[in-house]
Amino acid sequence: MYHFCYWEKMWCHAMLLDWGEAAKYSMKLYRESKWSKTLFGYQYLAFQFMSNHESEDLAQMAEQVPKYQLKIGGKHLHIEKFAIRKARSFLKNDKFLCLPGIELLYVWRYLPLVSRDNKEKLVSQIESCLEDIDKIQPYHTEYPLDDWFLCNLLLSVLISELGDDEHALSLLRTALQSEDNIQVDHFYIPYAHFELGVLYAKQGDNLQAKAHFRYAKEFSNKIKSYSLENRLLF
């Protein structure tokens, strides 16, 4: 029962943008829970990076994340595969990740539950990140377009939650013009099509909504076993 409470407190602090406290409870889970050290270790890495990207223990944790991968029914967990790939990306790209805490809020569907004031803070943070992608040369990673796409996806969700669906639609349409150039994080593409479908459905454009939902559903025909496929489809 303690671990359930730690899990909920972790997300409560994350939604409050109290990244340090979120990292504290993810570390408690990593140390005490027997369920998924891989996931809890990556969540610590993501939240602590948001709190202090120069923390000395981040690289050590990234190295530990793959060591505890579980197999259930002969299969690895999708969320753990995602965590391992992100941890390896952190090590490969000079100890950098693009807004990993906000990405986790989105992946676990907590982003809409963030308060309006904090949504506005996140919008400013993402817009600042987009400016960095344009300005920093060379960029932190070999694939700046992937991070640019993620920023626009996250921004569209927040902008829609703040009431500007037209702006959100524009962000997604612009991002999806570059979907064929995504190099690593291909799962952003079906998620963006899903969000676009949601926005069209809100506007009553059911034909467009169905088209984008169908594209998201059938994306595995294009990219086999992309990250977090099960979280999108189920």
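Scroll up to find the structure this text is about.
Everything numeric in this text was worked out from a predicted model, so none of it was measured.

Novice: Could you give an account of a negative patch on the surface, with specific residues and numbers?
Specialist: On the surface, E127, E131, D132 and D134 cluster together into a negatively charged patch. Looking at the element boundaries, D132 is found in helix α7 (residues 116–135). What makes D132 partly exposed here is its relative accessible area of 35%.

Novice: Now, about the nonpolar core: what can you tell me, with residues and values included?
Specialist: Of all hydrophobic cores here, the largest spans 84 residues; its most connected members are W11 and L111. Residues in contact with L111, not counting those within four places in the same chain, are I102, L105, Y106, K119, L122, L154, V157 and L158.

Novice: Requested: an account of the layout of surface pockets, with residues and values cited.
Specialist: Each pocket or cavity is described by its volume, and for the largest pocket that value is around 350 Å³. Lining the largest pocket are 18 residues; nearest its centre among them are Y106, P112, V157, F194 and E195. Within the residue set of the lining of the largest pocket, elements represented by two or more residues are α6 (100–107), α8 (144–161), α10 (188–202) and α12 (229–233). Considering only residue class, the lining of the largest pocket consists of 11 nonpolar, 2 polar and 5 charged. A volume near 270 Å³ is recorded for the second largest pocket.

Novice: So what about the packing of helix α2 (residues 19–32) against helix α3 (residues 37–51)? Which residues, and what values?
Specialist: Viewed as axis vectors pointing N to C, α2 and α3 meet at an angle of 160 degrees, and their least axial separation amounts to 8 Å. As far as their axial angle goes, α3 and α2 are roughly antiparallel. In this structure, the crossing between α2 and α3 has a hand that is left-handed. For the pair α2 and α3, the contacting residues are W19, G20, A22, A23, S26, M27, L29, Y30 and R31 in the first and K37, F40, G41, Q43, Y44, F47, Q48, M50 and S51 in the second. Of the residues assigned to the contact of α2 with α3, the class counts are 10 nonpolar, 6 polar and 2 charged.

Novice: Describe the pattern of salt bridges, naming the residues involved and giving the relevant values.
Specialist: One pass over the structure, following the stated rule, counts 8 salt bridges. The shortest N-O distance in the salt bridge between D185 and K86 comes to 3.7 Å. Separated by 99 residues along the polypeptide, D185 in the loop between α9 (165–176) and α10 and K86 in helix α5 (residues 78–92) bring together distant segments of the chain. Across the pair, K86 and D185 agree in class, each one buried. Salt bridges sharing common partners tie together R85, K86, E103 and D185.

Scoring rules and cut-offs
Residues numbered from 1 in each chain as written. Predicted model: local features only at pLDDT ≥ 70, side-chain atom pairs only at ≥ 80, totals over all residues. Heavy atoms only, no water. Patch = residues over 30% accessible without salt bridge, like charges linked within 9 Å, V, L, I, M, F, W, Y side chains within 5 Å. Areas by Shrake-Rupley, 256 points an atom, 1.4 Å probe, with all protein chains shown as cover. Salt bridge = Lys/Arg side-chain N within 4 Å of Asp/Glu carboxyl O. Lys, Arg positive; Asp, Glu negative; His and termini not counted. Charge placed at Lys NZ, Arg CZ, Asp CG, Glu CD. Helix = DSSP H or I, 4+ residues; strand = E, 2+ residues; numbered from the N terminus. Buried < 20%, exposed > 50% of the residue type's maximum accessible area, 1.4 Å probe, protein only. Core = buried A, V, L, I, M, F, W, Y, C linked by side-chain atoms within 4.5 Å. Contact = heavy atoms within 4.5 Å. 1 Å grid on protein atoms, 1.4 Å probe; cavity = no way out; pocket = protein on both sides within 12 Å on 5 of 7 lines; lining within 4 Å. Points joined across faces, edges and corners; volume = space filled by probe spheres on them. Nonpolar A, V, L, I, M, F, W, Y, C, P; charged D, E, K, R; others polar. Axes fitted to C-alpha atoms, helices over the stretch in contact; angles between N-to-C directions. Parallel < 35°, antiparallel > 145°, perpendicular 65-115°, else oblique. Left-handed = near helix turned anticlockwise from the far one by under 90°.

Note that all results are geometric; they support no functional claim without further evidence.
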